[in-house]
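What follows is the residue order along each chain.
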Amino acid sequence: MINLNNFINSNYYDLIIILLSITGIGILMIILSLIINKKKKQLEEKNANGLNDKEIKKIDKTLTREKLTNEIFSLYKEVALAKSNFDYDILKELLTKELYIKEEKNLDKLKNNKQKNIVTDIKLEKIKILNIKKEKTTKKITAYLHVSQYDYVIDNKKNIVRGTKEIEYQVEYRLTIDKKPNKYFKLSNITTTGKWIKNK
């Protein structure tokens, strides 16, 4: 014959165990959710601001976010000026061999058409250091660059044949910069990722 008290007590304890298990799973899910949200927030902040000084110094103790920002913006301006002036010698110093060959062809085409690409009044809007990785002795720095500038093409009579000097553009780039030991920064790749007219 079944003992009713033992049966009730047994089911009661089983129920408690089930409830505790469900509660434990619920708490675990809440903890996991909090961890995932925290990681997601950290990733969003990193994407919004790029690498910070601590992350940069892990790779190269001599570099800081401020130094990289200044170097990258300065490099971009020097390249733009050298292209506007057809200064091939300066470009050889500022660009890697592969990128120089590509830019040389573009400049030769403009020169043959008796045209010149003018980029002026370059202002920095934002820079983010996206990544730094080592390849043998070279550090490859990937960066997001957002500038405002005037960008147009003129002919040998200074007539504007493309664009206008009345419109200021917002331009976004993805850059790759090479840094070798005891050498200057060199631009190895530049891709335009966005361009629009700046609102007055």
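Heads up: the structure comes first, above all this text.
Now for a quick tour of the structure.

Cut-offs used in this document
- Residues numbered from 1 in each chain as written.
- Predicted model: local features only at pLDDT ≥ 70, side-chain atom pairs only at ≥ 80, totals over all residues.
- Heavy atoms only, no water.
- Pairing = 2+ DSSP bridges.
- Helix = DSSP H or I, 4+ residues; strand = E, 2+ residues; numbered from the N terminus.
- Core = buried A, V, L, I, M, F, W, Y, C linked by side-chain atoms within 4.5 Å.
- Buried < 20%, exposed > 50% of the residue type's maximum accessible area, 1.4 Å probe, protein only.
- Phe/Tyr/Trp six-rings, centres within 6.5 Å; stacked < 30°, edge-to-face > 60°.
- Lys NZ or Arg CZ within 6 Å of the ring centre and 35° of its normal.
- Contact = heavy atoms within 4.5 Å.

The sheet contact formed by strand E2 (residues 138–155) and strand E3 (residues 160–163) spans 3 bridges and is antiparallel. Bridging from a neighbouring strand, Val153 pairs with Arg162 of E3. The hairpin turn running from E2 into E3, its antiparallel successor, is 4 residues long, and Lys158 in that turn takes a positive phi close to 65°.

Okay, the nonpolar core next. By size, the foremost hydrophobic cluster in this structure holds 37 residues, and its most contacted members are Leu68, Ile72 and Ile129. For this core, the secondary-structure elements that each account for two or more residues are helix H3 (65–84), helix H4 (88–94), helix H5 (97–112), strand E1 (115–135), E2 and strand E4 (169–179). Among the elements that make up this core, the one with the highest residue count is H3 (8 residues).

Most of E4 sits inside the fold, with 10 of its 11 residues counted as buried. Pairing of E2 with E4, which is carried by 11 bridges, proceeds in the antiparallel orientation. Among the inter-strand pairings, His146 is bridged to a residue of E4, identified as Glu172. Pairing between E4 and strand E5 (residues 186–197): 10 bridges, direction antiparallel. Across the sheet, residue Val171 finds its bridge partner in E5, namely Lys195.

Applying the stated rule across the entire model yields 1 aromatic pair. Here the basic side chain of Lys128 rests over the ring of Tyr144, its NZ or CZ set 5.0 Å away from the ring centre. The ring of Phe185 has Lys179 sitting right over it, with the charged end atom 5.7 Å from the ring centre.

What follows is about the side chain of Glu103. Counting through the fold element by element, Glu103 comes out in helix H5. For Glu103, a relative accessible area of 10% puts it in the buried group. Every residue in contact with Glu103, bar those within four places of it in the chain, is listed here: Lys83, Leu95 and Ile190.

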